[in-house]
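In case you want the letters, here they are:
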Amino acid sequence: MRSLITSEWERLWARKLTWCLFLSMPVVNYAAGRYFLSANAHTASDLPQYAVFGNYPVLGFEEMLMTAFNIIVIMLTSLVVTEEYRTGQLRMVMLRAYSFGQIFLAKAAVIGSIISMLVAVYFICSYAVGYFLFPHTDTVKLFFYEEAVGHGMALAYNLKFYGLGLLTLLAMIAVTLWIAVVSQTTTTAMGLGIGFYIFSLLYPLISEYLVHWLGFQLFSRIYFSSIPMIQWQGLVLMLGESPRYGGYIFTVIAAYTALFAGLAYRSFTRMDRWV
């Protein structure tokens, strides 16, 4: 199994896309930094939306988490799973007497590892960009905190946010793995993946129009049943001074991960080996 994971790892790093993704992290981070730098001119300095060195890692990641990182997951999974299977590249792997179950687990592990590394690189870049672009303050204002906190607590908050953000990306990987397995072409896999992403953005917004007919608690449960909405607003509510919806959001993330990973594994292991 170790040699299979190594083989999958080497094949993924042989793709230009993988290198481009890592090289783009500083560029994407800097672009986000320039956006928040201009936004600061129209934001009160005592608000958590006002970017400073200590809170920029969360502000920059929150924007890119629900957009760029979700798209990266869709692209990467579609190429690693759908393209390799439908073009017959898996036949060479099958000749080594590995089962489809082992191949699936190896691919899932490698995709998860690459996404984790991208998140780690983005985190490091965010501190570098924040250091040079934003004001250095003695304290940091965080979302849903009454008082500003010190840099030690801000660092712990940032690490928790990135960790929870990674969990949402792992759930997104599970969904896109299933989509990639059942799709006939890479284009179809990407299209369905983006369709799922857009749907996950739209139905919580539509439910806002029904808020007068729905109870607030029910509305919140609908709203935070969406992975992008968890990424956008759910994480900061979980990490507030008085945490909210933590148990429900963890349940949603676990449900997405377990359900779709199970469906993807079942579909992948039942494939015709020589399609």
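A brief look at the structure comes next. Everything numeric in this text was worked out from a predicted model, so none of it was measured. (Residues numbered from 1 in each chain as written. Predicted model: local features only at pLDDT ≥ 70, side-chain atom pairs only at ≥ 80, totals over all residues. Heavy atoms only, no water.)

**Some details on the overall build of the protein**
The condition is simple: What counts as a helix is a DSSP run of H or I of at least four residues, what counts as a strand is a run of E of at least two, and both are numbered from the N terminus. Buried residues are those whose accessible area, probed at 1.4 Å on protein chains only, stays under 20% of the maximum for their type, while exposed residues exceed 50% and partly exposed ones sit between those limits. Any two residues whose heavy atoms approach within 4.5 Å at even a single point are treated as in contact.
Of regular secondary structure, the protein possesses 10 helices and zero strands. For the protein, the α and β elements follow one another from N to C terminus as α-α-α-α-α-α-α-α-α-α. Every one of the 275 residues in the protein was classed for burial, and the buried ones make up 49%. For the protein, the share of sequence-separated contacts (at least 6 apart) that also reach a separation of at least 24 residues comes to 79%.

**Concerning helix 9 (residues 227-238)**
Heads up, the condition is: Take the number of residues in a helix, subtract one, and multiply by 1.5 Å to get its expected span.
Its 12 residues place the ends of helix 9 only 14 Å apart at the C-alpha level, less than the 16 Å of an ideal helix rising 1.5 Å per residue. Where burial is concerned, most of helix 9 is hidden: 10 out of the 12 residues are buried.

**As for the pattern of salt bridges**
Under the convention used in this document: Throughout this description, the term salt bridge denotes a Lys or Arg side-chain nitrogen within 4 Å of a carboxyl oxygen of Asp or Glu.
Within the structure shown, the criterion is met by two salt bridges. When the shortest N-O distance is used, the salt bridge between E8 and R11 registers 2.8 Å. Of this pair, E8 and R11 both sit in helix 1 (residues 2-13), separated by three residues, roughly a single helical turn. E8 sits in the buried class, given a relative accessible area of 3%. With relative accessibility at 24%, the residue R11 sits in the partly exposed group. As a salt-bridge pair, K107 and E8 come within 3.0 Å of each other at their nearest N and O atoms.

**Some words on the nonpolar core**
Rules: Note on terminology: a nonpolar core comprises buried Ala, Val, Leu, Ile, Met, Phe, Trp, Tyr and Cys residues joined through side-chain atoms within 4.5 Å.
Grouped together as the largest cluster of nonpolar side chains are 87 residues, with contacts concentrated most on F69, I115, L118 and Y256. It is helix 6 (residues 151-182) that provides the largest number of residues to this core, a total of 16 residues. With near-sequence residues (within four places) excluded, F69 lies in contact with M25, F61, M64, L118, V119, Y122 and L169.

**Quick word on the environment of C125**
Here C125 shows up in helix 5 (residues 100-133). You can call C125 buried: its relative accessible area is 15%. Taking the C-alpha atoms as reference, C125 lies 9.5 Å from V28; in sequence the two are 97 residues apart.

**As for the side chain of S200**
Here S200 shows up in helix 7 (residues 186-208). If sequence neighbours within four positions are ignored, S200 has contacts with S226, P228 and M229.

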